[in-house]
Amino acid sequence: MESKYNYFKRDISWLSFNYRVLLEALDERLPLYERINFISIYSSNLEEFYKIRVADHKAVASGATESDEETVQSARELVEEINKEVTRQLDDRVRIYEQKILPALRKNHIIFYQDNHVEPFHQQFIKDFFREEIFPYLQPVPVSKDKIVSFLRDNRLYLAIRVYPKKEEKNKGEETKENIEKYTGECINERNDGEGIKVGMEAARPNVTDLRQPLYFVMKQPYAKVPRFIELPSREKNHYLMFTEDIIKANLNLIFPGYDVDSSYCIKISRDADILIDDTASSADLVAQLKKKVKKRKIGDVCRFVYDRAMPSEFLDFLVDAFRIQRDELVPGDKHLNLEDLRHLPNPNKSLHSLEKPKPMKLTVLDEKESIFNYVAKKDLLLYYPYHSFEHFIHFLYEAVHNPETREIMVTQYRVAENSAVINTLIAAAQNGKKVTVFVELKARFDEENNLATAEMMQAAGIKIIYSIPGLKVHAKVALIRRRGLNGEKIPSYAYISTGNFNEKTATLYADCGLFTCRKEIVADLYNLFRILQGKEDPKFTTLLVARFNLIPELNRLIDREISLADEGKQGRIILKMNALQDPTMIDRLYEASEHGVQIDLIVRGICCLIPGQSYSRNIRVTRIVDSFLEHARIWYFGNDGTPKVFMGSPDWMRRNLYRRIEAITPVLAPDLRDNLIEMLDIQLADNQKACWVDDKLQNIFKKRTPGTPAVRAQYTFYDWLNKTNS
């Protein structure tokens, strides 16, 4: 049955979010290098988007795969719509970078060379630097149509070069041909390090019947050997920076002696990075599949060919034919590609201040001498990362390791940091004679290898490892410390439910929440969840909400309750904070609640397929916050006629989270902690510095500060509030 409601397209909505990230580069209130970093984040996000989402649509559009959600024609149309919107956004990125960022750098005495103009006092330095530091690592490779197709590595930056042989006397023609063959042969046979491009000798031979015919080469930029950005000698109070590729361009005549260098432009390829595995496979087969397929990620099908938009059409046409590029894979880019590298841009002007971000605080009630076990035995504890220190969680595990009454430690692993303190502590627990069980989700995209490596390391230390469930992902972020008295008596066990991963690195970057509790009903439900992960028990939950079991029925009941209140003339109220809202069924329930008069505020950072401003959504407002930290918490508020119900946990409202994953959500039962979460939601809804409304055209409309009202920057305001209450 066709819905009477409409929805934004998921990927177009995501592009709206990523554009909001780019807009941070325009905020002159931010330190300059913070603004530059947002250009880097925008570019990195876009790269992953093409490797996964666009690659999936292109596979459907080509007929290589089938989808229940789109046809070949709709996939083609969507890819075209995506490329059109990305091209529009990249125009703005060029404008922001060239008209805002570069002048701001210059104003701060940082001259970032962008074109062929280099001050005379740097020209010799550039030539010497090129000869000594760059030239030994360059490998130009000829490109020819209708010959062996060269292979371009994923996300590597290449320089495409067009040259013409110099006009020479007839008797030197054969010598020119001989030199060309000799040089290209050396490139192929002696300098192929496995990282470059492989071609045959047939492709290396130019057309020598007319020595003024253009010759084309590609050359991988040697960023494994040379930094992307080079600091040049300072002059008076000015500092100078230059892209490595611009230094190469300035010295191409040294690479191609005997040729006239016509032009050169940067190009790059993005390849399909998704891994298709058999979800029904056993754990052993799944491990074998992942080990094999992760290695093939870098040689996936092309999903994007990005080129300098200044490249002449005939030059681009030649490359398209030579590399077998499809026209719908073309995405015009800037002169300088891979701007995600801007996060590494040197800051030679030490007077430029960095952003003073909130420093993680330790709770005064949990100093190093205070036992978290003793505290949580008396009352629930809620931590807010990155405002609170993740060291409290590490200390919680450390206590479990050394507590003689600890019987078992059970943890889910989705994404962990490299050299993880969490993993090291669990290994210490196993070595200390504790029983440790870890469920490892191998299918966490781009973390497969790290998860597999840490799982094998834990297994070697004696930890019981449970691998991915066939057909499902386990996305819940939970830990359980099971205890028993030394004489067998019952004593409190501890549950921990979080919105974020057990990752001390992202805990300093992502805004998340973690709840510690000894409540018997939650502990029992969490233990039951771990038994389900081991395939040992039928699901029975009294308090926790678990996706694929009791989550959807309870959400429907909560929404129905607010609708009933509104129908009775009372206030129906819902506030939902999450990363993404995409599931049409749950969006329909929100539309329905709006039609009954329920007031709904959505705080959705990323994808939001719900369309505000329609007759059926007139009571729904969508807020998006982008600031210093990545908003990552999932918190749900239902007014319940003045006795609010508040939940927190791991899932967004996307199909995959609600129906195809194991997710865990807990009610926040302690009144003071519930009120604290409500305070956080109120602060975020009051944000008038970094918050936007998302309108019915997917535009980010910045909220305006009403005259006479205080400035509210939610992340910093909430940190100050937490700091004041830290007693």
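Residues numbered from 1 in each chain as written. Predicted model: local features only at pLDDT ≥ 70, side-chain atom pairs only at ≥ 80, totals over all residues. Heavy atoms only, no water.

### Thoughts on the overall build of the protein
Moving on, step 1. Check the secondary structure of the protein and you find 20 helices and 28 strands.
Moving on, step 2. Across the 727 residues that make up the protein, the buried fraction comes to 58%.
Moving on, step 3. In the protein, of all internal contacts separated by at least 6 residues, the share reaching a separation of at least 24 is 77%.
Moving on, step 4. Accessible surface, the protein as shown: approximately 32,100 Å² in total, 47% of it carbon and sulfur. (Helix = DSSP H or I, 4+ residues; strand = E, 2+ residues; numbered from the N terminus. Buried < 20%, exposed > 50% of the residue type's maximum accessible area, 1.4 Å probe, protein only. Contact = heavy atoms within 4.5 Å. Areas by Shrake-Rupley, 256 points an atom, 1.4 Å probe, with all protein chains shown as cover.)

### What about the state of the cysteines?
Each disulfide is one covalent bond, formed between the sulfur atoms of two cysteines.
Moving on, step 1. Evaluated as defined, the whole model comprises zero disulfides.
Moving on, step 2. No disulfide involves Cys-608; its nearest neighbouring cysteine sulfur is the one of Cys-609, lying 7.0 Å away. (Disulfide = S-S within 2.5 Å.)

### Observations regarding empty space enclosed by the protein
Moving on, step 1. Tallied over the full model, the rule gives six cavities of 30 Å³ or more.
Moving on, step 2. Approximately 110 Å³ is the volume attributed to the largest cavity.
Moving on, step 3. Broken down by secondary-structure element, the contributors of at least two residues to the lining of the largest cavity are α2 (32–61), α3 (72–107) and β8 (302–308).
Moving on, step 4. Sort the elements by how many residues they give to the lining of the largest cavity and α2 lands first, with three residues.
Moving on, step 5. In terms of domain composition, the lining of the largest cavity takes at least three residues from each of domain 1 (10–108) and domain 2 (122–166 + 209–344).
Moving on, step 6. There is about 80 Å³ of room inside the second largest cavity.
Moving on, step 7. Every residue lining the second largest cavity is counted, 14 residues in all, and those nearest its centre are Tyr-387, Ala-511, Met-680, Gln-684 and Phe-718.
Moving on, step 8. If you list the elements that add at least two residues to the lining of the second largest cavity, you get β10 (381–385), β17 (510–517), α19 (671–686) and α20 (714–724).
Moving on, step 9. Of the residues assigned to the lining of the second largest cavity, the class counts are nine nonpolar, two polar and three charged.
Moving on, step 10. Both domains that furnish three or more residues to the lining of the second largest cavity are identified here as domain 3 (376–543) and domain 4 (546–725). (1 Å grid on protein atoms, 1.4 Å probe; cavity = no way out; pocket = protein on both sides within 12 Å on 5 of 7 lines; lining within 4 Å. Points joined across faces, edges and corners; volume = space filled by probe spheres on them. Domains from an automatic or database assignment. Nonpolar A, V, L, I, M, F, W, Y, C, P; charged D, E, K, R; others polar.)

### Here we look at the nonpolar core
Moving on, step 1. Residues Leu-105, Leu-581, Leu-590, Leu-602, Leu-610, Trp-636 and Trp-653 are the most contacted members of the largest nonpolar core, which totals 85 residues.
Moving on, step 2. Element by element, the count of residues in this core is highest for α2, at eleven residues.
Moving on, step 3. The residues contacting Leu-105, other than those within four sequence positions of it, are Leu-32, Tyr-33, Ile-36, Ile-110, Phe-112 and Leu-345.
Moving on, step 4. Among the nonpolar cores identified, the runner-up in size contains 43 residues, and Tyr-385, Val-422, Ala-430 and Tyr-494 belong to it. (Core = buried A, V, L, I, M, F, W, Y, C linked by side-chain atoms within 4.5 Å.)

### A short note on the pattern of salt bridges
Moving on, step 1. Taken as a whole and judged by the stated rule, the model has 46 salt bridges.
Moving on, step 2. Close ionic contact of Asp-328 with Lys-58 constitutes a salt bridge, the shortest N to O distance being 3.1 Å. Placement of the pair is Asp-328 in the loop between α10 (313–322) and β9 (330–333) and Lys-58 in helix α2, with a sequence separation of 270 residues.
Moving on, step 3. Note that Lys-362 and Glu-391 form a salt bridge whose closest N and O atoms lie 2.9 Å from each other. Here Glu-391 lies in helix α12 (residues 391–402) and Lys-362 lies in the loop between β9 and α11 (372–378), a separation of 29 residues in the sequence.
Moving on, step 4. Overall, the relative accessible area of 49% leaves Glu-391 in the partly exposed class. (Salt bridge = Lys/Arg side-chain N within 4 Å of Asp/Glu carboxyl O.)

### Quick word on the UniProt feature "coiled-coil region" (unreviewed entry) in the protein
Moving on, step 1. Mapped onto this structure's residue numbering, the UniProt feature "coiled-coil region" (unreviewed entry) falls at residues 65–92.
Moving on, step 2. Overall, residues 65–92 shows 75% helix and 0% strand. The separation of its end C-alpha atoms is 34 Å. (UniProt positions renumbered as here; feature names shortened; annotations may be inferred.)

### Overview of the sheet that holds strand β7 (residues 259–271)
Moving on, step 1. Read across the sheet, six strands follow the order β2-β4-β3-β7-β8-β9 without closing on themselves; strand pairing throughout is mixed. Of all the strands in the sheet, the pair left with one neighbour each is β2 (141–143) and β9. Geometrically, the sheet is characterised by an average inter-axis angle of 35° between neighbouring strands, direction not taken into account.
Moving on, step 2. By the bridge criterion, six bridges tie strand β3 (residues 158–165) to strand β4 (residues 215–220) in an arrangement that is antiparallel. Bridging across to β4, Tyr-158 finds its partner in Lys-220.
Moving on, step 3. Against the sheet, α2 touches β7, β8 and β9, its axis set at about 130° to β8.
Moving on, step 4. Docked against the sheet, α10 engages β2, β3, β4, β7, β8 and β9, running at close to 110° with respect to β3. (Pairing = 2+ DSSP bridges. Axes fitted to C-alpha atoms, helices over the stretch in contact; angles between N-to-C directions.)

### A closer look at the packing of α2 against α3
Moving on, step 1. Between α2 and α3, the shortest axis-to-axis distance is 11 Å and the interhelical angle comes to 165°. As judged from the angle between their axes, α2 and α3 are roughly antiparallel. Along this stretch, α2 crosses α3, giving a crossing that reads as left-handed.
Moving on, step 2. The residue inventory of the contact of α2 with α3, partitioned by class, reads 23 nonpolar, four polar and five charged. (Parallel < 35°, antiparallel > 145°, perpendicular 65-115°, else oblique. Left-handed = near helix turned anticlockwise from the far one by under 90°.)

### Quick look at α19
In an α-helix, one turn spans 3.6 residues; hence positions three or four apart end up facing the same way.
Moving on, step 1. Between its first and last C-alpha atoms α19 spans 22 Å; for 16 residues at 1.5 Å apiece the expected length is 22 Å, and the two agree.
Moving on, step 2. Among the residues making up α19, those that are buried are Leu-673, Arg-674, Leu-677, Ile-678, Met-680, Leu-681, Ile-683, Gln-684 and Leu-685. (Expected span 1.5 Å × (residues − 1).)

### Re the environment of Leu-509
Moving on, step 1. As for its position among the elements, Leu-509 is in the loop between β16 (494–498) and β17.
Moving on, step 2. Given a relative accessible area of 39%, Leu-509 falls into the partly exposed group.
Moving on, step 3. Residues Leu-509 and Leu-630, 121 residues apart in the sequence, show an inter-C-alpha distance of 6.3 Å.
Moving on, step 4. Each residue touching Leu-509, except ones within four places of it in the same chain, is listed here: Pro-386, Phe-629 and Leu-630.

### Some words on the pairing of β7
Moving on, step 1. Among the 13 residues of β7, ten are classified as buried, and the element is accordingly described as predominantly covered.
Moving on, step 2. Across eight bridges, β3 lies against β7 in antiparallel orientation. Bridge pairing in β7 places Tyr-158 opposite Ile-267.
Moving on, step 3. Bridging between β7 and β8 involves five bridges; their strand directions are antiparallel.

### Focus: the side chain of Asp-695
Moving on, step 1. Here Asp-695 shows up in the loop between β27 (691–694) and β28 (700–702).
Moving on, step 2. The charged side chain of Asp-695 is buried without a salt bridge, its nearest counter-charge being Lys-697 at 5.9 Å.
Moving on, step 3. Reaching out from Asp-695, the side chain makes a polar contact with the backbone nitrogen of Gln-699 at a distance of 2.8 Å. (Lys, Arg positive; Asp, Glu negative; His and termini not counted. Polar contact = N/O pair within 3.5 Å; in protein donor to acceptor, adjacent residues only side chain to side chain.)

### Examining the environment of Ala-461
Moving on, step 1. Relative to the elements of secondary structure, Ala-461 occurs in the loop between α14 (448–460) and β13 (464–466).
Moving on, step 2. In this structure the C-alpha to C-alpha distance between Ala-461 and Gln-431, which are 30 residues apart in sequence, comes to 6.9 Å.
Moving on, step 3. Sequence-distant contacts of Ala-461, defined by excluding residues within four places in its chain, comprise Ile-427 and Ala-430.

### Notes on the side chain of Thr-666
Moving on, step 1. Mapped onto the elements, Thr-666 comes out in strand β26 (residues 664–667).
Moving on, step 2. Residue Thr-666 is classed as buried on the basis of its relative accessible area of 0%.
Moving on, step 3. Contact partners of Thr-666, with chain neighbours within four places excluded, come to Ile-497, Leu-515, Ile-522, Leu-544, Val-646, Phe-647 and Met-648.

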